[in-house]
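Summary of structural features
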Amino acid sequence: MAASAPNATDAEILAAARAILDASYAIALTGAGMSVESGIPPFRGPGGLWTKYGEPPMNGYQIFLSDPKKAWEDRIRRQNDELWGPLKVAKPNPGHTALAELEALGVLRFLITQNVDDLHRQAGHSALAEIHGNWKLIRCIECGARFRGEEIRLEVLPPQCPKCDGLLKGDTVAFGEPIPPDVLQHCVEHSARADLVIVAGTSATVYPAAGFAIEVKQRGGMLIESNLYESEITRICDISLRGPTGEVMPRLAASVVDLRKARLS
Ligand SMILES: [Zn+2]
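Residues numbered from 1 in each chain as written. Predicted model: local features only at pLDDT ≥ 70, side-chain atom pairs only at ≥ 80, totals over all residues. Heavy atoms only, no water.

1. Observations regarding helix 7 (residues 94-104)
- Within the span of helix 7, buried status applies to Gly95, His96, Ala98, Leu99, Ala100, Leu102 and Glu103.
- Residues of helix 7 that are buried sit in contact with strand 1 (26-30), helix 2 (32-36), strand 2 (108-113), helix 8 (119-122), strand 7 (196-200) and helix 11 (245-264).
- Two or three places before Gly95, at the opening of helix 7, Asn93 has a side-chain oxygen 2.7 Å from that residue's backbone nitrogen.
- Phi turns positive, to about 80°, at Gly106, one or two residues after helix 7. (Buried < 20%, exposed > 50% of the residue type's maximum accessible area, 1.4 Å probe, protein only. Helix = DSSP H or I, 4+ residues; strand = E, 2+ residues; numbered from the N terminus. Contact = heavy atoms within 4.5 Å. Polar contact = N/O pair within 3.5 Å; in protein donor to acceptor, adjacent residues only side chain to side chain.)

2. Quick word on the nonpolar core
- Counting residues in hydrophobic clusters, the biggest one holds 30 residues, and the most contacted among them are Leu102 and Leu241.
- Secondary-structure elements contributing two or more residues to this core are helix 1 (10-22), strand 1, helix 7, strand 2, strand 7, strand 9 (239-242) and helix 11.
- Not counting the four nearest positions on each side in its chain, Leu241 is found in contact with Ala8, Glu12, Ile13, Ala16, Ile224, Glu225, Ser226, Asn227, Val248 and Leu252.
- The next biggest cluster of nonpolar side chains, apart from the first, holds 23 residues, and it includes Phe110, Ile179, Cys187 and Ala209. (Core = buried A, V, L, I, M, F, W, Y, C linked by side-chain atoms within 4.5 Å.)

3. What about the sheet that holds strand 5 (residues 146-148)?
- A sheet is described by the order of its strands in space; here three strands give the open sequence 5-4-6, paired in antiparallel fashion. Among the strands making up the open sheet, the edge pair consists of strand 5 and strand 6 (168-170). Strand-to-strand, the axes of this sheet are offset by a mean angle of 35°, without reference to chain direction.
- Across three bridges, strand 4 (residues 137-140) lies against strand 5 in antiparallel orientation. Counterpart to Ile138 in the pairing with strand 5 is Phe147.
- Sitting on the sheet, helix 5 (residues 68-77) is in contact with strand 4 and strand 6, with an inclination near 35° to strand 6. (Pairing = 2+ DSSP bridges. Axes fitted to C-alpha atoms, helices over the stretch in contact; angles between N-to-C directions.)

4. Description of the coordination of the zinc ion
- Coordination of the zinc ion by the protein involves Cys140 (SG), Cys143 (SG), Cys161 (SG) and Cys164 (SG), with metal-donor separations of 2.3 to 2.4 Å.
- Between consecutive donor residues of the zinc ion, the sequence gaps follow C-x2-C-x17-C-x2-C. Separated by 21 residues along the polypeptide, Cys143 in the loop between strand 4 and strand 5 and Cys164 in the loop between strand 5 and strand 6 bring together distant segments of the chain.
- Among the residues examined, Cys143 registers a relative accessible area of 42% and is labelled partly exposed. (Donors = N, O, S within 2.8 Å, 3.2 Å for Na, K, Ca; no water.)

5. Comments concerning the side chain of Asn134
- When you line up the elements, Asn134 lands in the loop between strand 3 (128-130) and strand 4.
- The class of Asn134 is buried, set by a relative accessible area of 1%.
- Within the structure, Asn134 has its side chain in polar contact with the backbone nitrogen of Lys136 (distance 2.8 Å).
- Once residues lying within four places of it in the same chain are set aside, the contact partners of Asn134 are Val116, Asp118, Arg121, Asp171 and Thr172.

6. So, the sheet that holds strand 1
- With parallel pairing, six strands are arranged side by side in an open sheet as 3-2-1-7-8-9. On the outer flanks of this sheet lie strand 3 and strand 9, each paired with one strand and no other. Each neighbouring strand pair of the sheet contributes to a mean axis angle of 15°, computed without reference to strand direction.
- Where strand 1 lies against strand 7, five bridges are found, and the strand directions are parallel. Residue pairing for strand 7: Ala26 is matched across the bridge by Leu196.
- Seen against the sheet, helix 10 (residues 209-218) touches strand 1, strand 2, strand 7 and strand 8 (222-227) and runs at an angle of roughly 140° to strand 7.

7. Section: the side chain of Asn227
- Checked against the element boundaries, Asn227 lands in strand 8.
- From its side chain, Asn227 meets the backbone nitrogen of Thr202 in a polar contact 2.9 Å long.
- With sequence-adjacent residues up to four places away left out, Asn227 is seen in contact with Val199, Ala200, Gly201, Thr202, Ile233, Leu241, Arg242 and Gly243.

Given below as structure tokens:
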């Protein structure tokens with residue numbers, strides 16, 4: 001693990017706030033680091049669930065398709081295991097709240113998250129794409145409709161789509177499963193307009209999510225990271241804000257508010 005650096009200075013926060021206010025279309029890309037601060041164990045890295053229990057099969061989607069009934073039975077059995085348990089009790093942290101605040105201010109236009117935990121929505125964020133799905137939702141793999149868990153009856157497995165009778169699956173994207181086309185389309189559209197990306201709680205190494213940030217940078221846009229440790233994304237970031245996102249993002253949001261007030265007066 002990289003040595004921890006001192007937390008972001010006020011001058012760094014101010015520089016980032018200035019860049020965000022000067023941007024014409026700022027978006028954010030978030031990842032597991034934000035979830036960890038809400039008590040959700042990561043998949044990768046030290047203490048990660050996959051590190052502990054081994055990676056799930058790389059053909060998880062094909063396994064689902066080959067026996068959806070069994071896949072649903074497994075899913076129901078796992079409702080209280082080490083991943084699902086923390087998801088059920090997790091609450092948005094100040095980092096999630098700060099990003100939602102930046103959206104409410106009209107400063108942050110869109111958010112792409114790799115997290116499946118629903119916490120950005122719970123914090124009040126509305127313009128977002130959950131690129132790996134949302135654990136609370138069930139998705140029809142034929143028509144793409146999403147349903148909340150309680151809307152779907154599970155007496156007969158696998159359940160069928162109320163709209164088209166298609167096969168239903170948890171919205172969380174499995175290994176080997178294509179990113180749902182509607183989500184991917186939103187990400188492509190918003191990142192194409194973006195001239196600044198706030199990368200929070202992710203080393204941005206998992207594709208396709210990472211590609212959106214890198215593409216904005218390649219077009220001459222700006223990258224601001226908020227991460228606990230230096231990582232592969234750091235070398236291409238214009239501003240690196242060290243520290244937990246739950247501390248850095250609220251400072252950043254407060255700085256944006258102050259700076260905007262000062263500019264308006
Ligand atoms: Zn359907």
